[in-house]
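An overview of the molecular structure
So the chains spell out like this:
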2 protein chains.
Amino acid sequence: MSQAPYLNKQFSPGVQSLLPLYYVGWSDSVLSPTEVKLIRKKINELSFLDKADKELLYQWSDPQSPPSPELFKHWVSLIRETSKVSKIKKKKCLAELGIEMAKKSAGQEDQMKWTAPETFQALKEVEEALGLSGIDNYRNLISLEQAQEVDSSIEAADQFDINGMTDLLNDDFADTINKTKTLLKDPFFSHPNLRDKDAYRLKILDMCKAMAKQGMGAIAFPEANGGKDDMGAYIAVFESIGYHDLSLAIKFGVQFGLFGGSVYWLGTSYHHEKYLTDIGTLELPGCFAMTETGHGSNVRGLQTTATYDAKTDQIIVHTPSLEDGKEYIGNALHGHMASVFAQLIVNGENHGVHAILVPLKNKAGQLLPGIKVEDCGYKLGLNGVDNGRIWFDQVKVSRKNLLNRFGDINEQGEYSSPIENPSRRFFTMLGTLVGGRVSVPRAGLSATKTSLAIAIRYALKRRQFAPKDGEPETVLLDYPTHQRRLMPLLAKTYALHFGLLHLTNRYIHRTEEDIREIETMAAGLKSYATWFTTASIQECREACGGKGYLAENRFADLKADSDIFTTFEGDNTVLMQLVAKGLLSDFKKEFHDEGFRAVIRFITSQVGDTVSKNNPFQTRRNDAEHLLDPEFQLETFTFRERELLYSVSSRMRNYLGRRIDPYDAFLRCQVHMVNLAEAYVERVVLEQFHLKIKEAAPALQSTLKRLCDLYALHTIEQHKGWYLEQGYMQGAKTKAIRRMVDKLCKDLRYQSSDLVKAFAIPEECVAAPIVV
Amino acid sequence: MSQAPYLNKQFSPGVQSLLPLYYVGWSDSVLSPTEVKLIRKKINELSFLDKADKELLYQWSDPQSPPSPELFKHWVSLIRETSKVSKIKKKKCLAELGIEMAKKSAGQEDQMKWTAPETFQALKEVEEALGLSGIDNYRNLISLEQAQEVDSSIEAADQFDINGMTDLLNDDFADTINKTKTLLKDPFFSHPNLRDKDAYRLKILDMCKAMAKQGMGAIAFPEANGGKDDMGAYIAVFESIGYHDLSLAIKFGVQFGLFGGSVYWLGTSYHHEKYLTDIGTLELPGCFAMTETGHGSNVRGLQTTATYDAKTDQIIVHTPSLEDGKEYIGNALHGHMASVFAQLIVNGENHGVHAILVPLKNKAGQLLPGIKVEDCGYKLGLNGVDNGRIWFDQVKVSRKNLLNRFGDINEQGEYSSPIENPSRRFFTMLGTLVGGRVSVPRAGLSATKTSLAIAIRYALKRRQFAPKDGEPETVLLDYPTHQRRLMPLLAKTYALHFGLLHLTNRYIHRTEEDIREIETMAAGLKSYATWFTTASIQECREACGGKGYLAENRFADLKADSDIFTTFEGDNTVLMQLVAKGLLSDFKKEFHDEGFRAVIRFITSQVGDTVSKNNPFQTRRNDAEHLLDPEFQLETFTFRERELLYSVSSRMRNYLGRRIDPYDAFLRCQVHMVNLAEAYVERVVLEQFHLKIKEAAPALQSTLKRLCDLYALHTIEQHKGWYLEQGYMQGAKTKAIRRMVDKLCKDLRYQSSDLVKAFAIPEECVAAPIVV
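Source: prediction; values computed, not measured.

As for the pattern of salt bridges
Pairs may arise between side chains of opposite charge once their charged atoms sit close together. Counted by the stated rule, this structure contains 75 salt bridges over all chains. Across the pair B:Arg541 and A:Asp563 runs a salt bridge, and its minimum N-O distance is 2.5 Å. Of this pair, B:Arg541 sits in helix α19 (residues 515-543) while A:Asp563 sits in the loop between α22 (555-562) and α23 (572-590), which puts the two residues in different chains. Three or more residues are tied together by salt bridges with common partners; here these are A:Glu327, A:Glu374, A:Arg389, B:Lys547 and B:Glu552.

Listed below in structure tokens is the structure:
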């Protein structure tokens, strides 16, 4: 071998100065053709190398003839020799080490050359050009073969206060959450596992009544109506039921959140006094009859009519055709009354969608005249909820049954509303119901947490394949592919939990001014989190193999029951467009004095700011300190959001300027808008995670930081195509991010057991035989 | 406005030469900061522009002050004027048009300047630098506002021969497929919709018997045993059942493919004569008892023992512990016999895993002594299949019950095998069972086709949201987001169908030599296609909103029943690593004379070849002709596969060179290997699609080409991060790919109805009320 002769001789100082770079360059995997070109170009430019040095270094950068293991070992020993005696600085770089090696081997007469700043600078440039300027490269170099020990040190060092973490997750609602969990542990609530929908529905109804008896149904209602006026507690109860049975959660939500909520938020004292107490105790089971077969996402287009009849002083509720029947209505079979959303027509004028209370059954439980109810039958999941279809044939109710907070008919038969603009009125009425969008993703995330608890506990227990015959088989979670499957999900679950807590707090302390912003955030987080729920439970099911397919191990129900979350309370794709529209119009409004031009100028300057950071150093920078810097992470997320906002608004404006029909212009930007909405949600979640780390107890911070880093970098990794396309990052950096994600997944593996313990899911709720 | 004065004056020839570029640059959306910098630098370099020209062009490239609609319109009219009179060449570029505009407005004395090749060259460089050299840019420019007409022309022009397409999909098995479909249309086979597993299982058993009566069960068996020796037909039947009920498909597969297959492939004439006929008629229902609770993917690690007892000349089958019981075994409750996979021990020596026929029940249906069977209970899906657990307590069977094709015990109690090497013997035995991996993804793809048929037909019928009040609402499939959801799935379904046909044909015409390659391909396609099945059905369910959640609309069963396909017949993640190992060792073997070094050299030269095409022009090239060029597509796929193969093998070698434990080295490359396997499958599928287009009837080719283009470009788009990271593409190109994917989605929307018709799924099988 041509390399052999070098093994016994001392290398020149020039060659030595480059050894650390060569070592790291080759050790990761391979010198790519681009890297070869680059390194040779740089070598050629280095004035402190002589011809022989350059030839040798050229030879060592030939991908067709990689360094032999012997040569490689020789490099290592030379590097070790120097690094052992030199002071190990935390932030040392490879160029520094190279200089030290050169100095050590150079004669007295050459010492000047090796202390000259230009020499260091030239070497540093090679290091940066190769994307090797991360401090990790230095660290890895001197601790390469100690990798195993490093891992076990993580295991030992990074225990955290599990109860403290649970407290953090519980936020202000530990009491309510604990009370709900205690209740759900009661054998009365044990998983019914009923295949027959009618029996299952009755059992769920009983469970709901039992919760109501504990005062949990009325918890968000006024004290006068048996409640505690505590919307936050209501959401906490709902989230906790999510650990148990989603049919129960949805049945609970339909009765108290939707039906009760409509009476509370859209009605006035007359309705509150007359109905709320009975709703809270489930004496009066009811429905929220909004969606029609023909109109789901498009609520404004509902066809059911509520026509005021002056002669009888009544409202006539009517379904014009079969297609216009109410559909998917929860409680349809058990309910005695419904809040029916219909076009309110007074004196021939349509005032838009309003809600009217319509009795469905008499005390004896018989359907009233004009009411037709049909069972939706079996569904993919949630078979404990009695969804049905309802049609109204000229059903007459008292004028007082109009939920009249935002639109009323007086005794003279005249319509009036505190909100003049019909469009604003419509959105205000819908806006009061945003609580559903705040609650649903939290119960969905509970299902994700249960799935992760099962999949991670199983992965720490189950072994398969041994390194060698006779050795113990490997634990699943020691496989990097398995870590890659589950750890990013765990990190994102924590991230979304804090994001949803933030949304909840904004929602329960909302003011008139920020309701629009909260609606945007709720629409975005609901969509993003429920899509994540679907994807994460699927991954957990697959990660448990055949055991995950057995109904007893819970994934079947968790998957099936949560699947509809991406559709109800607003179809996710539609909601994401709503988010983008909200963002666009907020910007427009913010600058409405100056006009749209100013908006563009503002956004441009913002983007410009960030882009100015696009210098070659920044876009290639790949050291751990940089990648784990919260400021870098947030800037990167914000850049994406801003850039998408800027480009979508410019495109829109451009189309409109070219007299393209606004609807058509919107269609052309539709996919772009969904991306914008996603970037917005991801930024909000990261921001909240960073804040949460700051306010957390010091003992929790390092663990939270690791979770947050994984959420941030994994998200950036998923968008790396976009960042590279924008020139915001170079390949060296996205590759470093990939490696850092790998590392974080590996590190978190050792904490994952405690991290799912911190969810504090009662064993009675987990209830999967594979992890018992 | 400062721009207004220019509206009434003629622009200079220099400015005019750049108008087409400016128009296209602004019309897509926006000039990004990078583009602004670039365009200004280029403008500055153009010698044919004077100072005033440059100032004006600078002003027009200010993102804070985009051209006014009036100015924009003025540009358009000037461009139109020229393009109307000039000959419309198919491949004209923007620079050419610019030159024409300049010539038209320039005086006689300047004509020379505008015909000079240098001028064109300089302008062309600006065009390329901006990534605008695609012919689409020119085409779009002159037909921008005719977009709608273009669309309807596609609708009219691109009808294709639906029956011809069905024939192509049926390959050589139209008769079998049609016969099976006819059978499944019989009311006897109508969806049972039974919630109770025991009733459902009996119904499925009856259906299976009815199919056996038609000769379909024995179709792959020799004629002597009632069959037709036609494995291809067997797979076609299996695929067709996939359109109907997957419980039936799996029950059918367990009885005839797995149990029957093990007797046929692992047994010899004694077993064939004695059992095959009864297996083919379902007189003898049986199990394929391989997987154990403790060992699924790791078949070599099975714990069940089959010990030869010389004294009685019997084999004693035994389950050492509870954990070692056979699990998930299909037919466990209905079966009377099982092929039991166990460690064969003869004279104290373990010869590895072999299959032994063990009777489970007597004629009266009572369990035999020593046999314990337990129901696996309800599963996430496939509840029509009786999966169970089986334990053996010292069960004695005749020595002849050993399926002895690859390992036998003679009358003297001596073990012998035609394959000396135990490892090779093991893989040969498993290899004969690869038929399952060929069949399963085809039935899975049938479920995808049914889902797509429902989702696309619904999306062409269902309307929601109107552009304006009073106008008809928009059809779902006219939304770009909806096209983006469904059209790539449709394209990939066709791609995978042809890929799986290829695999099937390789499999049924296999020779000794290519069995390893076929196993690799089967493992890869099985994993890739079944993951796609899970993802695609999920997308279709969500695309149908609440209607998709009702059990009557089929997604519930399609999703739940196919979910386990990613796990059984080999866990996908494990199989993908098998694929990568196969690819690595094939390369190693191919060059074994020269040693591993030669392999590296070979791969490097291959990669080098492709990388040499990485010139700036190629990496930015973004015209339609290039993107739709099959050679470009295949080269791009191949580059990814080769590069990953090269880098994973180099990394491995590097780790081993540094004396890292091979198992640890493998773990470090695990994620990398899964990516390699994916790249391999994608390349194989694309290659087969290209071949299929060539051999198809000319009337089908343009439609197939469009599907193939969408599959190819959508796949590249999903990996764009990787291609950008490698420097194989520039942002301008990946953006152009995104736009082309959008366009292809839109174009296919008009053919999608016919494309799902071509699947020829019987209406009785689709059976979803939303599309009736």
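Overview of the relation of the copies chain B and chain A
When chain B is fitted to chain A, the best match, at an RMSD of 0.1 Å, comes from turning it 180 degrees and sliding it 0.0 Å along the axis. Read as a symmetry element, the transformation amounts to a two-fold axis. Of every C-alpha in chain B, the one belonging to B:Gly721 sits nearest the axis of rotation, 1.8 Å from it. The share of interface residues of chain B whose copies in chain A are also at the interface is 99%, consistent with both copies meeting through the same surface.

Details of the interface of chain B and chain A
With 109 residues of chain B in contact, the opposing surface of chain A contributes 108 residues. A combined buried area of about 9100 Å² lies between chain B and chain A, and 53% of that area is made up of carbon and sulfur atoms. For the chain B face of the interface with chain A, the top three residues by lost area are B:Arg195, B:Tyr549 and B:Glu725, together amounting to 10%. Put simply, B:Asp661 and A:Lys468 hold a salt bridge, and the shortest N to O gap is 3.7 Å. The tally of links from chain B across to chain A stands at 55 residue pairs in polar contact (both at pLDDT 80 or more). It is helix α26 (residues 630-657) of chain B that contributes the most residues to the side of chain B that touches chain A, 8 residues altogether. Within the side of chain B that touches chain A, the residues separate by chemical class into 40 nonpolar, 35 polar and 34 charged.

What to know about the state of the cysteines
Each disulfide consists of a covalent bond between the sulfur atoms of two cysteine residues. All names here are of chain B. Considering all chains together, one arrives at 0 disulfides over all chains under this definition. Counting only cysteine sulfurs, Cys208 is the nearest neighbor of Cys765, a cysteine outside any disulfide, at a range of 15 Å. Among the residues examined, Cys765 registers a relative accessible area of 1% and is labelled buried.

Observations concerning the sheet that holds strand β8 (residues 388-392) of chain B
Residue and element names in this part refer to chain B. Spatial ordering of the open sheet is given by β4-β8-β7, a layout of 3 strands whose pairing is antiparallel. In this open sheet, the two strands that pair with only one neighbour each are β4 (326-329) and β7 (371-375). Mean inter-strand twist for the sheet, computed between neighbouring axes without regard to direction, equals 25 degrees. Two elements, β4 and β8, share 2 bridges in a ladder whose sense is antiparallel. Within β8, the residue paired with Lys326 across the bridge is Ile390.

The rules behind each value
- Residues numbered from 1 in each chain as written.
- Chains lettered and ligands numbered in written order.
- Predicted model: local features only at pLDDT ≥ 70, side-chain atom pairs only at ≥ 80, totals over all residues.
- Heavy atoms only, no water.
- Salt bridge = Lys/Arg side-chain N within 4 Å of Asp/Glu carboxyl O.
- Helix = DSSP H or I, 4+ residues; strand = E, 2+ residues; numbered from the N terminus.
- Least-squares fit on C-alpha atoms with pLDDT ≥ 70 in both.
- Contact = heavy atoms within 4.5 Å.
- Buried area = accessible area lost by both parts, 1.4 Å probe.
- Polar contact = N/O pair within 3.5 Å; in protein donor to acceptor, adjacent residues only side chain to side chain.
- Nonpolar A, V, L, I, M, F, W, Y, C, P; charged D, E, K, R; others polar.
- Disulfide = S-S within 2.5 Å.
- Buried < 20%, exposed > 50% of the residue type's maximum accessible area, 1.4 Å probe, protein only.
- Pairing = 2+ DSSP bridges.
- Axes fitted to C-alpha atoms, helices over the stretch in contact; angles between N-to-C directions.

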